[in-house]
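# Tertiary structure, described
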Amino acid sequence: MTPDTGLLETINGPEEVRKKGKSCVMNRRSFLLTSGIATASVMVAVRTSEGLAQVPAVVATYPRKKIGKLSELKTDQPIDFNYPDDSVYSESMLVKLGREAGGGIGADKDVVAFNYTCTHQGGPLQGTYQAADKALGPCPLHLTTFDLTRHGMFISGQAYQSLPQVLLELDGDDIYAVGMFGLIYGRYDNLQG
Ligand code: FES
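First, a word on what this report is: a plain description of the structure on this page. Note that the coordinates shown come from a computational prediction; the quantities given were computed from them, not determined experimentally. (Residues numbered from 1 in each chain as written. Predicted model: local features only at pLDDT ≥ 70, side-chain atom pairs only at ≥ 80, totals over all residues.)

When helices and strands are counted, the protein shows three helices and 12 strands. Out of the 193 residues in the protein, the part that is buried amounts to 35%. Across the protein, contacts joining residues at least 24 apart in sequence account for 43% of those joining residues at least 6 apart. (Helix = DSSP H or I, 4+ residues; strand = E, 2+ residues; numbered from the N terminus. Buried ≥ 20, exposed ≤ 12 C-beta atoms within 10 Å, placed from the backbone. Contact = placed C-beta atoms within 7 Å.)

Further remarks concern the environment of Thr149. The residue Thr149 is located in the loop between strand E9 (145–147) and strand E10 (153–156) in this model. C-beta crowding within 10 Å serves as the criterion here: with 18 such atoms nearby, Thr149 is assigned to the partly exposed category. Each C-alpha atom, one on Thr149 and one on Val111, is 9.6 Å from the other, the two residues being 38 residues apart in sequence. Non-local contacts of Thr149, meaning those with residues more than four positions away in its chain, are made with Leu97, Arg99, Ala101, Gly102 and Lys134.

Bridge analysis of E9 against E10 gives three bridges, and the strand direction is antiparallel. Bridge assignment links Asp147 to a residue of E10, and that residue is Met153. Counted between consecutive antiparallel strands, the loop separating E9 from E10 contains five residues, among which His151 sits at a positive phi close to 60°. (Pairing = 2+ DSSP bridges.)

Along the chain, Gly122 turns up in the loop between strand E6 (111–115) and strand E7 (129–130). With 14 C-beta atoms packed within 10 Å, Gly122 lands in the partly exposed category. Considering only alpha carbons, one finds Gly122 and Tyr185, 63 residues apart in sequence, at a separation of 5.9 Å.

The strand order across the open sheet built from four strands is E7-E8-E9-E10, with neighbouring strands paired in antiparallel fashion. Strands with a single pairing partner mark the edges of an open sheet, and in this sheet they are E7 and E10. Where strand E8 (residues 135–136) lies against E9, two bridges are found, and the strand directions are antiparallel. Pairing of Leu136 across the sheet is with Phe146, part of E9.

What follows deals with the pairing of E6. Most of E6 is tucked away: five of the five residues are buried. Of the two faces of E6, the one carrying Val111, Ala113 and Asn115 and the one carrying Val112 and Phe114 are both buried. Pairing analysis gives five bridges linking strand E5 (residues 91–96) to E6, with the strands arranged antiparallel. Bridging across to E6, Val95 finds its partner in Val112.

Here it is, written out as structure tokens:
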């Protein structure tokens, strides 16, 4: 799946998209300089005594991280990875559902990825994948279950926010994590782990 330009600009910043097109590719220098999180320069309007002025600002953007190969995925067998960093609450899972899903990539649009932390009070969802329902849960704390075919929407339980979905991109056989939909539990900003 290739996200549209507007979405990529939101995730990566307009400067990065202009330079790299729709590929979200980060260069090695940016990666090393920012410990895995790219930066982009944007112009921000600031009010001064003369009126509004445009000033440059640097904002953090999501890393592009290879998390697996499409040909190696087996239906209903999740693969764990960390994203967008290796800090707390970054544990996530990549899975081929065998059923078309919102945000899914691959020929059958059935490969998706989600953060493992319950949006209610941070319960761990590792090991709770339900192949029959294509869901994560029930959460061990208050039993919320999330639908992985519908952008992590909660099916039942105490949570009222969807599970954050990792935005995926396919490059040949390689699967990359390139952004996120939704806020990771315990963070005020997904990029501030
Ligand atoms: S922490 Fe998961 S349902 Fe409460």
